[in-house]
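# Residue-level structure breakdown
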Amino acid sequence: ALTDANPDNGCLYVIPRDADPGYDNGDCSVEAAMGSASIHDSKFALRLGPDKKPNWVPNSEQAYQHIRACPCSRGDVVVLSHRVIHWGSRGRSGAGA
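Residues numbered from 1 in each chain as written. Predicted model: local features only at pLDDT ≥ 70, side-chain atom pairs only at ≥ 80, totals over all residues. Heavy atoms only, no water.

What follows covers the sheet that holds strand β1 (residues 12-15). Ordered by their spatial adjacency, three strands build an open sheet running β4-β1-β5, and the pairing between neighbours is antiparallel. Strands with a single pairing partner mark the edges of an open sheet, and in this sheet they are β4 (68-70) and β5 (85-88). Ignoring which end each strand starts from, the neighbouring axes of this sheet average 30° apart. Pairing of β1 with β4, which is carried by three bridges, proceeds in the antiparallel orientation. Note on β4: the bridge partner recorded for Leu 12 is Cys 70. (Pairing = 2+ DSSP bridges. Helix = DSSP H or I, 4+ residues; strand = E, 2+ residues; numbered from the N terminus. Axes fitted to C-alpha atoms, helices over the stretch in contact; angles between N-to-C directions.)

The subject of this paragraph is the packing of aromatic side chains. Considering all chains together, one arrives at one aromatic pair under this definition. Each ring, one from Tyr 13 and one from Trp 87, has its centre 6.3 Å from the other, and the planes form 15°; the classification is stacked. Of the two residues, Tyr 13 sits in strand β1 while Trp 87 sits in strand β5, which places them 74 residues apart along the sequence. Owing to a relative accessible area of 19%, Tyr 13 belongs among the buried residues under this scheme. (Phe/Tyr/Trp six-rings, centres within 6.5 Å; stacked < 30°, edge-to-face > 60°. Buried < 20%, exposed > 50% of the residue type's maximum accessible area, 1.4 Å probe, protein only.)

Below, the discussion takes up the pairing of β1. Burial along β1 is two-sided: Leu 12 and Val 14 and Tyr 13 and Ile 15, pointing in opposite directions, are all buried. The pairing of β1 with β5 spans four bridges and is classified as antiparallel. Its bridge partner lying in β5, Leu 12 is registered against Gly 88.

Positionally, Val 78 belongs in the loop between β4 and β5. With 66 residues separating them along the chain, Val 78 and Leu 12 place their C-alpha atoms 9.3 Å apart.

Let us look at the pattern of salt bridges. Pairing between side chains of opposite charge can happen when the charged atoms of each approach one another. Tallied over the full model, the rule gives one salt bridge. A salt bridge links Asp 8 to Arg 92; the nearest nitrogen and oxygen atoms lie 3.3 Å apart. In this pair, Asp 8 is assigned in the segment before β1 and Arg 92 in the segment after β5, connecting sequence segments 84 residues apart. For Asp 8, a relative accessible area of 39% puts it in the partly exposed group. Taking relative accessible area as the criterion, Arg 92 reaches 56% and is therefore assigned exposed. (Salt bridge = Lys/Arg side-chain N within 4 Å of Asp/Glu carboxyl O.)

See below:
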């Protein structure tokens with residue numbers, strides 16, 4: 001990290017492996033996303049994304065409870081597998097680095 005990163009000034013968020021049905025199952029087919037395959041999970045659902053590829057997406061408020069912030073200090077390194085669902089956040093207005 002170039003600067004300290006936390007939920008107030010913007011940091012990395014992930015869905016942990018044990019809460020992501022696609023992590024171990026791998027990518028799915030378009031047929032699965034369209035509902036013709038039998039892949040079911042109470043917290044996540046398969047949906048076609050804007051690129052017409054299937055993606056696991058949160059299907060309930062319970063799924064959102066698995067999201068984890070990954071704050072880090074300046075100089076820290078974060079290493080993720082390509083399978084980890086992750087994204088960055090914008091910090092609150094007025095929050096310092």
